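# Observations on the three-dimensional arrangement
The chain contents come next:
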Amino acid sequence: MYLDPEDEEILAGEKGETRQKMMELLVALGKVFGAERLVGIKSAQVSGASYKTIGEYGLEWLSSLDARAVVQAVLNPIGMPRGRWREMGIDPEFAAKQQAVIAAYERLGVNLECTCTPYYLHKTSFGDHLAWSESSAVSYANSVVGARTNREGGPSALAAALIGKTPCYGLHLGKNRKPHVILEAKPDETDWSIAHYGALGYHAGKLVGNKIPYFRGITPDPEQLKALGAAMAATGAVALYHVDNVTPEAKKAGYNLAGLEVISVEPAEIERLFNEIPVDAVAVGCPHCSPRELIRIARLLKGKTVTRPLYVFAAQGVIDKNLKTVSGIERSGARVFADTCMVVSPVMERYPAIMVNSGKALAYVPDMCGAVARIGSIEECIAVATSISS
Ligand code: F3S
């Protein structure tokens, strides 16, 4: 693999031990995947930030590193909202460990925005090379923005942040971004909600595994695309998808679809994922809410009071720019938390059944929170959160 003179110096240990180790990691990864060179990245998004998922071993490893990020780098959601962890009922012992993880990342020059939607905070453009690790963020960057990133592990995304480069293989190369299979989706007469696109992604991920699907028959908006990609990355390993006439590469590249397998998805296959089981709490914002989603939730909650816990998750930067909307939501008794989410926070483990409007959360809540999950549209979620019975 070609390394330029500066890369060679780093690899030789002339720029510090941590950067040397990080370069070794990138070079090893590049060799495994046949990369011919490294490519400069615009930003990194680093997973492995929740103490719930990395534990003591991860904290020790992070604390042993000594270097600074050289590109914009943000974190994935952590186990608690940094400013409001007491209010969320987080155990002080867990909070202390989580704060130590955050402090370790801060020393490494990583921006303490903890979100799976970094694209709402920092401009990400078509063709940008990135090293992002959270699967829904990777899917959104590749598919909706047309940027280029593999799905990095936490250590390789951190290494890329500290070096400013990543091995150029996989989805960084145009030849690997072509569709493998056509999914013919057939929404029924009524408009599909974000939750329906999440449910479609939940179903489609199981059908296509790690292939690149090309959807026909749907016209999702950006939030619906976000939900579709997040769920496909959860039940499958889809890091890139295309939607006919909607996503940028489907429009620009004009892919030749001749000879590709065509799979039909019937509306009934999506509808059957929706049910009406009673729930103990409602959680929305997986992936973290956009400003438009917050506004919608505030409108639906206007004049209402929640009768069971309603958690809304969004990036701190999005909350800060929508404070009036957020206070409108919280007037109902709902809580809008930054930095964390229903899957990585230990708090959600206290509820036996959780309602979500996300296909990804539908896939993850059972294992990660030990709870039964129910999916519904945002209107249904708010109705359940504010009703006397579920
Ligand atoms: Fe984001 Fe957590 Fe969902 S990281 S995509 S809100 S599981």
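Here's what I pulled together on the structure shown here. From a predicted model like this one, the values you see are computed outputs, not experimental measurements.

Residues in close proximity to the ligand include Pro 77, Cys 116, Glu 134, Ser 136, Gly 285, Cys 286, Pro 287, Cys 341, Val 343 and Lys 360, which together make up its full environment. Mapping the ligand onto the cavity grids shows that it belongs to the largest pocket. Within the shell around the ligand, the residues separate by chemical class into six nonpolar, two polar and two charged. Split by domain, the shell around the ligand shows at least three residues from each of two domains, domain 1 (5–174) and domain 3 (281–385).

Another point: empty space enclosed by the protein. A full pass over the atoms with the stated rule returns three cavities of 30 Å³ or more. In this structure, the largest cavity is lined by Ser 193, Ile 194, Val 284, Gly 285, Cys 289, Glu 293, Arg 296, Ile 297, Asn 357, Ile 378 and Glu 379. For the lining of the largest cavity, the elements supplying multiple residues, two or more each, are α11 (291–301) and α15 (378–386). For the lining of the largest cavity, the element with the highest residue contribution is α11, accounting for three residues. Class assignment for the residues of the lining of the largest cavity results in five nonpolar, three polar and three charged.

The final tally for this structure, using the stated rule, is 19 salt bridges. The salt bridge involving Glu 87 is made with Arg 84; its shortest N-O contact spans 2.9 Å. With relative accessibility at 45%, the residue Glu 87 sits in the partly exposed group. Residues joined in a network through salt bridges with shared partners are Arg 84, Glu 87, Glu 330 and Arg 335.

On to helix α13 (residues 323–331). Among the residues of α13, those classed as buried are Thr 325, Val 326, Gly 328, Ile 329 and Glu 330. In this fold, the buried residues of α13 make contact with α11, β11 (310–313), α12 (316–320) and β12 (335–337). Backbone geometry just downstream of α13 places Gly 333 in the positive-phi region, at approximately 100°.

Analysis parameters
- Residues numbered from 1 in each chain as written.
- Predicted model: local features only at pLDDT ≥ 70, side-chain atom pairs only at ≥ 80, totals over all residues.
- Heavy atoms only, no water.
- Near = heavy atom within 4 Å.
- 1 Å grid on protein atoms, 1.4 Å probe; cavity = no way out; pocket = protein on both sides within 12 Å on 5 of 7 lines; lining within 4 Å.
- Sits in = over half its atoms within 2 Å of the grid points.
- Nonpolar A, V, L, I, M, F, W, Y, C, P; charged D, E, K, R; others polar.
- Domains from an automatic or database assignment.
- Points joined across faces, edges and corners; volume = space filled by probe spheres on them.
- Helix = DSSP H or I, 4+ residues; strand = E, 2+ residues; numbered from the N terminus.
- Salt bridge = Lys/Arg side-chain N within 4 Å of Asp/Glu carboxyl O.
- Buried < 20%, exposed > 50% of the residue type's maximum accessible area, 1.4 Å probe, protein only.
- Contact = heavy atoms within 4.5 Å.

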